[in-house]
Structure formats: structure tokens, C-alpha cells
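Per-entry structural report
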Amino acid sequence: MSKMKCYTLFVLSALFMLVACTTPTAKEEATANLSPFNPAKVETVIRQFEQDTSLQMKGAFPNFAEGIKEYQWSENQEGVRKYYKFYRNINGSRERTYYFDSKNNQLIYVEDKRIRAACPSLDEVCLSLQQSYYESGVLQQVNLFKDTIRAGTYPSFDEAQSEPVAGSLSTFEAATAKDLISLQEELNTGHLQEAQPIQGEFIYFADAASFVACSDQKRYDVESRELEKAYIKQNYDSQAALTQLIGYYTTLPNMENRPTPHLIVLKLLKMEGEPKCE
């Protein structure tokens, strides 16, 4: 064999060994493509959704003898939907919020908050919060927080630590999907009302709130933690604040159990102290 043929065979053999050593196997490729789940992506989707002022929104606020229920439905232009249900009775309250990708029929995020009305023992759980994160419709991460009431305080999550979820994620995922289907059915039969932009003067004083609509100067009772927090934060001191919001009007029993016009607020857009209705 000539020196040229030997050299050529040597080079080809070396190249073959190099390719064999550097080409990843199928298992290595699958491992390399797996990246740890990042909940920040989900949180960004939710934050952008909540900051969107062009949402299509609906709501219902049926009042029942055994408790109070509130429903909300909203959707943005990308097809992300938010389903919300609030329930309260003498034993406490429960809030459930689902973010859902309607185009791909996939869950994005679920939040379930429960508050007990009374916690006589210091070691009892008074408040719990579950946060469920999904990727491509598959449950990836669940954060579970619990808090007990402390002397002189109310339940909060300021010092609560995340706890592991009992059981498998697949069982938890199936139960959550079943709850969502049940809520969707309730919303379909809940006579949701279309929300609209509303402007008026909001006053909050001595744990009582009222709203005077700029359009017709009618006064409405209103219960909105979002409006109350904004009013207190800006320290309007019992003065009327011109408020822009998304909501709707309905009739609900007042403190004396008499049917009274109410404003239901789905989203606060703006609150100002000086301007008044023209």
C-alpha cells in the first residue's frame, strides 16, 4: 500500500472517530432539550393580561340566602381567558381564578384562596393559597401556602412558607380540570352581564362606599376592595374621587335586605381627586 493511500485511510479514520465522539445520542439530545420550568413566563402572561385595558369582560353577582357568589369572565385579543368565582358564607370565603388559553384549550395558571371566618386555636390553618403553574397545558409546579392566626394579627402570607402537595401532580391536575369544567358550566347558566366603561364619583367613609354615575347622577351602593384600597392609598379623606372603571349595574339586597341598585366593579382604570363629573 502506498504512503498516499495509508495517509488517506488515516485521515478518514480520524474523521470518523471525531464524528462518533461528538455526535450526541438520542438520549443525550432529549436530556439537553429539557430545561427547568420557569414560572416567571406564566407570571408575565398574567401581568400583561391584568394590565390590558381592552379586555372583553362579563360578570354576575347572584345573592343567595346561604351566601354570596360572584362570577367574572374576561378575555384578551390573544384568546387568554380568565374565569373567576368568589363565594362567601358564615364559615368563610373561597376565591378561585383560572387563566386559560382558549385557542389551544390549555390551562395556564390556577389560584385557589380560602379564608376561615373564625380560628379559635392558634395552630389552626386560617388561610390557604394554592398556585398551580402549567406549561403547554401540563401541570408543572404547585405552590401551597398555609397560615395560622397569630396573637393580635390576621392571617397573611407575609411569613408563610411553601409546602409540598400531598399526592401526585397528575391526581391534582385531574381534580383541577374537573373543577374548571364545573365552573364553566356555572358561567354558561349564570346570566353573565356585559361590562362597560363607567365614570362617576366614588366616596368611601366609615366602612361604607357609594358611587354617583356621571351619566345620570344616580347613586349606587358599591362593594369593591380594589376601589377602597385605591381610595385609602391616595388619602382622599371623605372627598369624592372621579373614578373610571369597567363594571355593570345590578340590583342586590342592602344592609336592611331591601333591593337596592348596586355597581359591580370588574376593573379599576383610573381614580382622581380633583376633577368632578361635568
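In case you missed it, the structure is sitting above this.
1. Remarks on the sheet that holds strand β11 (residues 196-205)
- Taken in spatial order, the 5 strands of this closed barrel run β11-β12-β13-β15-β14, and their pairing is mixed. Taking the axes of each pair of neighbouring strands and ignoring which way they run, one obtains an average angle of 55 degrees across the sheet.
- Relative to strand β14 (residues 241-253), β11 is paired through 7 bridges, and the arrangement is antiparallel. From the neighbouring strand, I198 faces β14, where its bridge partner is L245.
- Taken strand by strand, helix α5 (residues 225-233) contacts β11, β14 and β15 (259-272), and its axis lies near 50 degrees from that of β15.

2. Let's talk about the state of the cysteines
- Within this structure, the stated rule accounts for 1 disulfide.
- In this model C214 forms its disulfide with C277; the gap between the sulfur atoms is 1.8 Å. The sign of the -70 degrees torsion about the S-S bond sets the C214-C277 disulfide as left-handed. Of this pair, C214 sits in the loop between β12 (208-213) and β13 (219-222) while C277 sits in the segment after β15; the two residues are 63 residues apart in sequence, bridging distant segments of the chain. For the residue pair C214 and C277, the accessibility class agrees, reading buried in each case.

3. Description of α5
- The complete set of buried residues in α5 reads L227, E228, A230 and Y231. Buried residues along α5 cover an arc of 165 degrees about the axis, so they all sit on one side. Exposed positions of α5 whose direction lies more than 90 degrees from the buried face are R225, K229, I232 and K233.
- Packing partners of the buried residues in α5 comprise β11, β14 and β15.
- Remark: N235 follows α5 within two positions and exhibits a positive phi of approximately 55 degrees.

4. Overview of helix α3 (residues 39-51)
- With 13 residues, α3 should cover 18 Å at 1.5 Å per step; its first-to-last C-alpha distance of 19 Å lies within 8% of that length.
- Taken as a whole, α3 has its buried residues at P39, V42, I46 and F49. Along the axis of α3, the buried positions cluster into a sector of 85 degrees, meaning they face one direction only. Residues of α3 that are exposed and angled more than 90 degrees away from the buried face: K41, Q48 and Q51.

5. Considerations on the pattern of salt bridges
- Inspection of the entire model under this criterion finds 8 salt bridges.
- Note that R81 and E75 form a salt bridge whose closest N and O atoms lie 3.1 Å from each other.
- The exposure class assigned to R81 is partly exposed, which follows from its relative accessible area of 25%.
- Judged by its relative accessible area of 17%, E75 falls in the buried class.
- Residue R225 pairs with E95 through a salt bridge whose shortest N-O separation is 3.9 Å. Placement of the pair is R225 in helix α5 and E95 in strand β5 (residues 92-101), with a sequence separation of 130 residues.
- In this structure E95 comes out as buried when scored by relative accessible area, which is 17%.
- One network of salt bridges, in which partners are shared, links R94, D112 and R114.

Rules and cut-offs
Residues numbered from 1 in each chain as written. Predicted model: local features only at pLDDT ≥ 70, side-chain atom pairs only at ≥ 80, totals over all residues. Heavy atoms only, no water. Pairing = 2+ DSSP bridges. Helix = DSSP H or I, 4+ residues; strand = E, 2+ residues; numbered from the N terminus. Axes fitted to C-alpha atoms, helices over the stretch in contact; angles between N-to-C directions. Contact = heavy atoms within 4.5 Å. Disulfide = S-S within 2.5 Å. Buried < 20%, exposed > 50% of the residue type's maximum accessible area, 1.4 Å probe, protein only. Arc of directions from axis to C-beta. Expected span 1.5 Å × (residues − 1). Salt bridge = Lys/Arg side-chain N within 4 Å of Asp/Glu carboxyl O.

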